[in-house]
Amino acid sequence: MIPLTNNRLILNWHRIFSVKELKSYLEKKFRVSLNDIFEIKPLLEQYSNLRIAIRHSDTFLKDEELEERNSIISFFECCWDVKLTWKH
């Protein structure tokens, strides 16, 4: 299991604009291969009390359809504590 600082996963720190970029980021971060973004669930469930921060959430997955973006954010919110921040 890859250690996460303060049991936190920070997304969009590297400007993740598409599902493909998110998938690539997660594969690199956790050293896994994913066919689908939702395959990350069993891996992330290994972390107790995992918190996910989606920084600059107004631009997170901005290249995707709103429905796809909301589906992924809802997936994370359903399973873990998620904090969304916006660009000011």
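Procedures and definitions
The numbering scheme is per chain: residues are counted from 1 as the chain's sequence reads. Totals for whole chains, interfaces and linings use all residues, but because this is a predicted model, local features are given only for residues with pLDDT of at least 70 and pairs of side-chain atoms are given and counted only at 80 or more. Only hydrogens and water are set aside; all other atoms, that is, all heavy atoms of the structure, feed into the side-chain values. Should DSSP find at least two bridges between two strands, the strands are regarded as paired. Helical segments are the DSSP runs of H or I of at least four residues, strand segments are the runs of E of at least two, and each set is numbered from the N terminus. The axes used here are C-alpha line fits, helices contributing only the stretch in contact, and every angle between their N-to-C directions lies in the interval 0 to 180 degrees. Residue contacts follow a heavy-atom distance rule, with two residues in contact if any of their heavy atoms lie within 4.5 Å. In these notes, a set of buried Ala, Val, Leu, Ile, Met, Phe, Trp, Tyr and Cys residues joined through side-chain atoms within 4.5 Å is what counts as a nonpolar core. Per-residue accessibility, obtained with a 1.4 Å probe over protein chains only, is compared with the maximum for each type, and a residue is labelled buried under 20%, exposed over 50%, and partly exposed between these values.

### Re the sheet that holds strand 1 (residues 8-11)
Sheet architecture is open: three strands sit in the order 1-2-3, paired in parallel fashion. The two strands at the open ends of the sheet, each matched to only one other strand, are strand 1 and strand 3 (81-84). Each strand of the sheet is rotated relative to its neighbour by a mean of 20 degrees, with strand direction disregarded. The pairing of strand 1 with strand 2 (residues 51-54) spans four bridges and is parallel. What sits directly across from Ile-10, in strand 2, is Ala-53. Each of strand 1, strand 2 and strand 3 touches helix 3 (residues 66-79); the most contacted strand, strand 3, lies at about 135 degrees to it.

### Considerations on the nonpolar core
Among soluble globular proteins, nonpolar side chains are generally buried collectively. Ranked by size, the top nonpolar core spans 27 residues in total, and within it Leu-9, Leu-11, Leu-22, Leu-26, Phe-30, Ile-52 and Phe-76 carry the most contacts. Counting residues per element, the ones that place at least two in this core are strand 1, helix 1 (19-30), helix 2 (41-44), strand 2 and helix 3. Considering every element that reaches this core, the biggest residue donor is helix 1, with five residues.

### Side note on unusual backbone geometry
Its identity as a non-glycine residue notwithstanding, Asn-7 has a phi of 55 degrees, on the positive side. Its location among the elements puts Asn-7 in the segment before strand 1.

### Looking at the environment of Leu-9
Summarising the element assignment, Leu-9 is placed in strand 1. Separated by 72 residues in sequence, Leu-9 and Asp-81 have C-alpha atoms that sit 10 Å apart. Each residue touching Leu-9, except ones within four places of it in the same chain, is listed here: Tyr-25, Leu-26, Lys-29, Phe-30, Leu-44, Leu-50, Arg-51, Ile-52 and Ala-53.

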